[in-house]
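Chain by chain, the residues run as shown.
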Amino acid sequence: MKRIKLTKNFYLDEFLPRHVYESNSLSWAVKMSRIDERVVLGCQLLRDRFGALVVNNWYSGGLRNWSGLRTLESPFYSQYSAHTDGRAADFVSPTVPAEEIREDIKRNYEHYRQYITRIEDFDGMGWVHIDCAYTGIDKLVIFGK
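Quick summary incoming for the structure in this document. Source: prediction; values computed, not measured.

**Some details on a nonpolar patch on the surface**
On the surface, Met1, Trp28, Met32 and Tyr59 cluster together into a nonpolar patch covering about 360 Å² of accessible area. Positionally, Met1 belongs in the segment before α1 (18–21). Taking relative accessible area as the criterion, Met1 reaches 48% and is therefore assigned partly exposed.

**Details of the nonpolar core**
Looking at soluble globular proteins, one finds that nonpolar side chains tend to be buried together. Within the largest apolar cluster, 33 residues are counted, with the highest numbers of intra-cluster contacts made by Leu46, Phe91, Ile101, Ile105, Ile116 and Ile130. Elements supplying a minimum of two residues to this core: α1, α3 (37–50), β1 (88–91), α4 (98–107), α5 (109–112) and β3 (128–131). Here the element with the most residues in this core is α3; it accounts for six residues. Excluding residues that lie within four positions of it along the chain, Phe91 makes contacts with Cys43, Leu46, Leu53, Val54, Val55, Arg64, Ile101, Trp127, Val128 and Ile130.

**Brief notes about the layout of surface pockets**
Unfilled space is identified by rolling a water-sized probe across the atoms. There is about 210 Å³ of room inside the largest pocket. Along its surface, the largest pocket is lined by 14 residues, and Arg64, Ser67, Arg70, Asp90 and Trp127 are the ones closest to its centre. When grouped by side-chain class, the residues that make up the lining of the largest pocket number five nonpolar, five polar and four charged. Computed from the structure, the second largest pocket encloses a volume of approximately 160 Å³. Lining the second largest pocket we find Arg3, Asn9, Phe10, Asp13, Glu14, Arg47, Leu53, Val54, Asn56, Asn57, Tyr59 and Ser60. Looking at the lining of the second largest pocket residue by residue, the class counts come to four nonpolar, four polar and four charged.

Parameters at a glance
Residues numbered from 1 in each chain as written. Predicted model: local features only at pLDDT ≥ 70, side-chain atom pairs only at ≥ 80, totals over all residues. Heavy atoms only, no water. Patch = residues over 30% accessible without salt bridge, like charges linked within 9 Å, V, L, I, M, F, W, Y side chains within 5 Å. Areas by Shrake-Rupley, 256 points an atom, 1.4 Å probe, with all protein chains shown as cover. Salt bridge = Lys/Arg side-chain N within 4 Å of Asp/Glu carboxyl O. Helix = DSSP H or I, 4+ residues; strand = E, 2+ residues; numbered from the N terminus. Buried < 20%, exposed > 50% of the residue type's maximum accessible area, 1.4 Å probe, protein only. Core = buried A, V, L, I, M, F, W, Y, C linked by side-chain atoms within 4.5 Å. Contact = heavy atoms within 4.5 Å. 1 Å grid on protein atoms, 1.4 Å probe; cavity = no way out; pocket = protein on both sides within 12 Å on 5 of 7 lines; lining within 4 Å. Points joined across faces, edges and corners; volume = space filled by probe spheres on them. Nonpolar A, V, L, I, M, F, W, Y, C, P; charged D, E, K, R; others polar.

In structure tokens, the structure reads:
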């Protein structure tokens, strides 16, 4: 199946689970509309700053399938999650610790604020969660610490 490029470094399949991406009953426009552009652009900003980031990698044979949009089929599904609305991404970096990326977002929030409204920061998290859910406030919301 043809890959759809969203930004300089990211493709649509990296934000959708395999079954949605490969669905013949959904048009590309409908598939693309499931993901909020702000979360993709937030990931691109972080990619420009830190190098490679892995959201979903099922397309290339990896195991990550539920790190972007989460549907009812996901074992991590929650109706209240920003993932359910296509407004969140979890990613790992092969070269930069997750804590370093989270700290950069906190320190340089002005740089990211157009695309990222919330992050998670719990002890032992080896991945980064970002989302662009509406918060009604003009500062970064941090779940965890």
